[in-house]
Amino acid sequence: MITSSRPSGPSVAWLFKMAWRDSRRNRSRLFLFISSIILGIAALVSVQSLSDSLRSEIERQAAELVGADLVISGNKALNEDLGKLADSLGDRRASQKSFPSMALFLKSGGARLVQVRALEGDYPFYGQLKTIPANAGRSFRDRQEILVDKGLLLQFNGEVGDTVQLGMTTFRIAGMLESAPGQTGLTSAVAPVIFMPMRYLPETGLEQFGSRINHARYIKFDRKTDVAGLVERIEDRIEGAGYELTTIERQQEQTSRSFRDVGRFLSLIGFVALLLGCIGVASAIHVYIREKIGTIAILRCLGATSQQAFLIYLFQILTFGGLGSMVGAMLGSALQFYLPVLLKDILPVSVEARISWQAIGSGLGLGLIISLLFALAPLLSIRRISPLNTLRMDFQSDKGDRLTSLFVYLLMLAFIWGFSFLQIRQALPSLYFTLAVVVSFLILAGFARLLMWTVKRFFPSGWPYVWRQGLANLYRPQNQTLVLLMSIGLGTALFCTVLFIQSILLDRVRLSTTGAQPNIVVFDIQESQRDSIVAISKRQGLNVSGTVPIVTMRLTSVNQIDIDSLRKDTSLPMRPWLFNREYRVTFRDTLLASERIKKGEWTGVWKDQTKAPLISLEEGLAKRNGIKLGDTLTFDVQGAPMATIVGSLRQVEWNRIQTNFLVLFPAGVLEKAPKFHVLVSRVESQEESARYQQAVVKAFPNVSIIDLGLVLDVVSTLLDKIGFVIRFMALYCMATGVVVLIASVLISKYQRMRESVLLRTIGASRRQILAITAIEYLMLGAMAALTGILLAMGGSWILAEQVFDTAFRPQWMPVISVFTGVCLLTVAIGMANSRQVVNRPPLEVLRDAS
Amino acid sequence: MDTILSVSHVSKSYGTADHRLKVLDDIHFDILAGDTVAIIGPSGSGKTTLLGLCAGLDRPTEGSIRLNGISLESLDEDQRARVRNQHIGFVFQNFQLLPTLTALENVMVPMELQGLKNIRSHAMDLLSKVGLANRQDHYPVQLSGGEQQRVSIARAFSNQPRILFADEPTGNLDAENSELIERLLFDLNREAGTTLVVVTHNPELAAKTGRIIALKGGKVISDLNTSSEKTSN
């Protein structure tokens, strides 16, 4: 017997049931529509999972990053007062002096600039120097032995037992260094490390005037100590004297912050992939709802209210959105096991990937929100579907409510801003990101509309039929032009931007090594060595015009304001590093071609000895610290105070390979001061460079040589390693674009199947149908790739001009490869889709589609 | 007998203020409960539009329609949906079954929309009456046109409507199936005591009803009570 428990209408459970029933013949399609968001969710879940794992690993391994409980470091030796203070702290102590120096591998004769770390004591107190053989990390400290970075050893085909010359002493290689606290793959690439015992440092003769040595004192507390409280008590004294204090907590905070930023950056790229997917979802749901008009009209006719009809499809979308997000979250969780491998050279700690339930939860939530948000506009149109469509399928409901659409778009913008704010944590940059996304989408949409308009307006009526049909497919109703151009175009744009920026950065370095530009710099030349080194250089065939003298000094005050008064008055524009850094200053009577006076007048020679000399400052340094013409700057020139007046501000082209200076003295002031020299020249080949370095280092082991060819290699490696991660994420966006492409093509399959079958029925050949498809997708792929490349060029040009201050010269080969690749991929997917239509009898296809 | 449907000076126009197309012009009639009525006329005469208005699928531009005592024009779309669900049954020319639901589920939907429980046996009874009990789990695509229309008739009677609107119910069927559908429609209608309004241009089907309202150019050109003729004959 029929009973009525709720005469007012169906329950929510029934709406769910109806949603499930209605999805019966569409589940695979619905899943396909939603699949566009899977990769985006996977990207975000994997990045967040990795960030979570990294955070906990940094917390766990923070002590090993520092190697001690407390570190006092600076670029000068601790003075007596601070030395006593350091000696009174902790239970165990170690010291380190680190500096760049040349290492000469005697067996191969290879020489290279390395970072020498001279150790005394049991550093590291946390973690270890991982070496092969394992005991070398301890044993080298008692002998005249060194540990050599693995990459460096491989570069010179060295092995344990070989000898290396550092300064004037030779050392036996005790072991190959695999890892040390705080060392990453990147730091090894930039400055390979050699550890040596500190007691042999005097014998090397490397600790001499002009050497840029960083001094560090490592302190370990064996007894329980309030390190934070201690730091609070001593930090003013230590930092006031220009030294840095590092604790485990501070290091943990700083490392976490750096990698949080990396994580957020990667999340934003993942988010762009997700947004691309959302365009696919919105477009697919739009088509889906349009196909459901008949069903919705019947339901309305039978008595379903507009809200009930809306809820049925909302539940469907949420269910499949949830499913897609779940698959995405699972994929992301699996992917994060690969990310540490991808990022191994950048990560400061070893990371063991773990399932992050928080990341999975937020991925699921995000997937649900985003599938709802981007399906909302087509879903809301359900409310306007009239029951009259049961009587007349061609019945057109009233046009949509503009206010509601506007509201939905505003919600989307708010969501994009909100998500980017959660990543960036700053309102304005989040707004810029949102604007960049919107502008990119608008440009791509504009191009799509322009393409449709152009094809329609200048339609080549005289062309063969397959061309006309293929081109007409671009603009006729239910075309995929807009959605494909946006999804593939944005993916291409991201990918190309990364390529372009990488080449801009490499070009900046490469430019310096081409033509007649100097490409080798010899520094730390003592006054007594100058003539001999110039002679060696000339003998080696190098063109040497002379050396540049360098005097080291510190700034003690600006208009009587010193570091103490700066600390007390925070309103002053100067920054503490102005006083803490060591200035390497030169003197000459003329300006170089790379220097231009912007304010004041350059005085080449100090003539009036009764007045303070007029010096020239780099304009950026002056601007950042509020220093003006006429200000008095007092320097401590190796113990002697020297007052100077700012006579001019100059612009310096820093990207020229030559010795550039923040502070320039006129001739006649510093000639008598202790100084060292730098020599800049050019070598024509790697062999010449190796020969020259060997000759100089053999004669004068204390000097350091930078070969810009090597720097270029290092920068390339660096960019490759960082760029690889970004390229990986950009490829991710491309992959999402491809999924959207596949989904869109499949949607169009359902829409166009009847037409293709009709064409087949009335006699179109297999070849003609495939040609029509190929032309349509070739146009789509070509336009999407072209738009993406143009967008990337625009963005890279702005970055080159505004950020990198260089001219933008795109590399055409990668561009052509990307363009061809995108076109081929688009055509291949489009053609694969048409195979079903052309390979089966028309009636069979029609029966399946109905 | 009570008036179940009252159409009072109804007009319907489409288009903009500049280009109005008047599809129905001052239609006026009443239908008594239990009557069988045919609305006939050539294509474009406004039959389907009139059916849509009477069934609350659309609103008239002028005039008013009362169905079972309820004034339809004062209701919003969702309120009219409820009226359709509780008082009206539909049979369409192209069947309009929900493609993703089985035959049985299609019959149950109007009752489920009312929130009724234990409806399965009632729906099965109806399917049995139209001779499709053994096809209950079949989807529309697995049924022939005639079978689909029989499921549609079972669905139309499932919510025990006061009035049933049929739009060209045999328009897409062959002679044999048409005969079967007509018989089912009239038998079930008689059995349930429902009012039947059929829109058709099939004179044979129209002749089986008790009253024929003929439309042309959006106007009623004749309104014949054929039951008295049949009685007198």
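Caption draft 1: Spotlight on the overall build of chain B. Helix and strand content of chain B: eight helices and eleven strands. Taken over C-alpha atoms, the radius of gyration comes to 18 Å for chain B, in line with the 17 Å a tight globule of 233 residues would show. Expressed along its principal axes, the backbone C-alpha trace of chain B runs to roughly 50 × 45 × 35 Å. A buried classification covers 57% of the 233 residues belonging to chain B. When contacts within chain B are restricted to residue pairs at least 6 apart in sequence, those whose partners lie at least 24 apart make up 66%. Accessible surface, chain B as shown: approximately 9600 Å² in total, 47% of it carbon and sulfur. For chain B, the separation between the mean place of its 23 positive charges and that of its 28 negative charges on side chains is 2 Å.

Caption draft 2: Looking closely at the overall build of chain A. For chain A, the helix and strand inventory stands at 27 helices and 21 strands. Counting only residues that meet the buried cut, chain A has 55% of its 850 residues in that class. Of the contacts formed within chain A by residues at least 6 apart in sequence, a portion of 81% connects residues at least 24 apart. A total accessible area of about 37800 Å² is found for chain A, and carbon and sulfur atoms account for 59% of it.

Caption draft 3: Main features of the pairing of strand E6 (residues 145-149) of chain A. All names here are of chain A. Among the five residues that make up E6, five are buried, leaving the element largely enclosed by the rest of the structure. Looking at chain direction, E6 and strand E8 (residues 169-179) are connected through five bridges and run parallel. Pairing of Ile146 across the sheet is with Ile173, part of E8. Bridge analysis of E6 against strand E9 (residues 193-197) gives two bridges, and the strand direction is antiparallel. In the sheet register, Leu147 faces E9, and the bridge partner there is Phe195.

Caption draft 4: Here's a closer look at the sheet that holds strand E2 (residues 20-32) of chain B. Residue and element names in this part refer to chain B. In spatial order, the strands read E2-E1-E4-E5; together these four strands make up an open sheet with antiparallel pairing. The sheet terminates laterally at E2 and strand E5 (70-71), the two strands that pair on one side only. Sheet topology places strand E4 (residues 62-67) next to E5; two bridges connect them, and they run antiparallel. Within E5, the residue paired with Leu67 across the bridge is Ile70. Against the sheet, helix H1 (residues 47-54) contacts strand E1 (3-15), E2 and E4, and its axis sits at roughly 60° relative to E2.

Caption draft 5: Geometry of the interface of chain A and chain B. Tallying the contact residues gives 39 residues for chain A and 41 residues for chain B. Summing both partners gives a buried area of about 3300 Å² for chain A against chain B, and 58% of it is carried by carbon and sulfur. There are six salt bridges connecting chain A and chain B. For the interface between chain A and chain B, the tally reads eleven residue pairs in polar contact (both at pLDDT 80 or more). If you list the elements that add at least two residues to the side of chain A that touches chain B, you get strand E1 (3-4), helix H1 (12-22), helix H11 (293-301) and helix H12 (306-335) of chain A.

Caption draft 6: Fine view of helix H3 (residues 38-66) of chain A. Residues and elements named next belong to chain A. With 29 residues, H3 should cover 42 Å at 1.5 Å per step; its first-to-last C-alpha distance of 40 Å lies within 8% of that length. When the local axis directions of H3 are compared, the greatest deviation, roughly 55°, occurs at Arg60. Of all 29 residues that make up H3, 22 are buried, and the element is covered over most of its length.

Caption draft 7: Broad picture of the pattern of salt bridges. One pass over the full model with this rule turns up 40 salt bridges over all chains. Between Glu112 of chain B and Lys17 of chain A there is a salt bridge whose closest N-O contact spans 3.9 Å. Of this pair, Glu112 of chain B sits in helix H3 (residues 103-113) while Lys17 of chain A is found in helix H1, placing the two residues in two different chains. Its relative accessible area of 43% is what places Lys17 of chain A among the partly exposed residues. A network of salt bridges, in which partner residues are shared, links Lys17, Arg21 and Arg24 of chain A together with Glu105 and Glu112 of chain B.

Caption draft 8: Here's a closer look at the sheet that holds strand E10 (residues 211-216) of chain B. All names here are of chain B. Ordered in space as E6-E8-E9-E3-E10-E11, the six strands form an open sheet in which the pairing is mixed. Two strands in the sheet have a free side with no partner beyond their single neighbour: strand E6 (88-91) and strand E11 (219-225). Neighbour-to-neighbour, the strand axes of this sheet turn through a mean angle of 15°, independent of strand direction. Inspection of the sheet shows E10 paired to E11 by six bridges, in the antiparallel sense. Its bridge partner lying in E11, Lys216 is registered against Lys219.

Caption draft 9: Highlighting the nonpolar core. In terms of nonpolar packing, the biggest core is built from 101 residues, with Phe271, Leu274, Ile289, Ile312, Tyr313, Ile370 and Leu379 of chain A touching the most fellow members. Per-element tally for this core: the top contributor is helix H10 (residues 248-291) of chain A, with 13 residues. Each of domain 1 (10-68 + 244-404) and domain 3 (459-514 + 709-850) of chain A contributes no fewer than three residues to this core. Every residue in contact with Phe271 of chain A, bar those within four places of it in the chain, is listed here: Leu44, Ile370, Phe415, Ile416, Phe419 and Phe433 of chain A. Formed by 34 residues, the second largest nonpolar core is a distinct cluster that contains Leu53, Leu72, Phe92 and Val197 of chain B.

Caption draft 10: Structural view of the packing of helix H4 (residues 120-129) of chain B against helix H5 (residues 145-158) of chain B. Residues and elements named next belong to chain B. Two elements in contact, H4 and H5, have axes separated by 9 Å at closest approach and are oriented at 135°. The pairing of H4 with H5 is recorded here as oblique in orientation. As H4 packs across H5, the resulting crossing turns out to be right-handed. Residues His122, Leu126 and Leu127 of H4 form the contact with H5, whose participating residues are Val151, Ala154, Phe157 and Ser158. Among the residues forming the contact of H4 with H5, the class breakdown is five nonpolar, two polar and no charged.

Caption draft 11: How the structure looks around the side chain of Thr481 of chain A. Residues and elements named next belong to chain A. Within the secondary structure layout, Thr481 lies in helix H18 (residues 481-512). The exposure class of Thr481 is buried, given its relative accessible area of 0%. Only 2.5 Å separates the side chain of Thr481 from the backbone oxygen of Leu474, close enough to count as a polar contact. In this view, Thr481 contacts Ala448, Leu451, Met452, Leu474 and Leu780; residues no more than four positions away in its chain are not counted.

Each value, and the rule that gives it
Residues numbered from 1 in each chain as written. Chains lettered and ligands numbered in written order. Predicted model: local features only at pLDDT ≥ 70, side-chain atom pairs only at ≥ 80, totals over all residues. Heavy atoms only, no water. Helix = DSSP H or I, 4+ residues; strand = E, 2+ residues; numbered from the N terminus. Rg over C-alpha atoms; globule rule 2.2 N^0.38 Å. Buried < 20%, exposed > 50% of the residue type's maximum accessible area, 1.4 Å probe, protein only. Contact = heavy atoms within 4.5 Å. Areas by Shrake-Rupley, 256 points an atom, 1.4 Å probe, with all protein chains shown as cover. Lys, Arg positive; Asp, Glu negative; His and termini not counted. Charge placed at Lys NZ, Arg CZ, Asp CG, Glu CD. Pairing = 2+ DSSP bridges. Axes fitted to C-alpha atoms, helices over the stretch in contact; angles between N-to-C directions. Buried area = accessible area lost by both parts, 1.4 Å probe. Salt bridge = Lys/Arg side-chain N within 4 Å of Asp/Glu carboxyl O. Polar contact = N/O pair within 3.5 Å; in protein donor to acceptor, adjacent residues only side chain to side chain. Expected span 1.5 Å × (residues − 1). Bend = angle between axes of the 7 residues up to and from the residue. Core = buried A, V, L, I, M, F, W, Y, C linked by side-chain atoms within 4.5 Å. Domains from an automatic or database assignment. Parallel < 35°, antiparallel > 145°, perpendicular 65-115°, else oblique. Left-handed = near helix turned anticlockwise from the far one by under 90°. Nonpolar A, V, L, I, M, F, W, Y, C, P; charged D, E, K, R; others polar.

Note that all results are geometric; they support no functional claim without further evidence.
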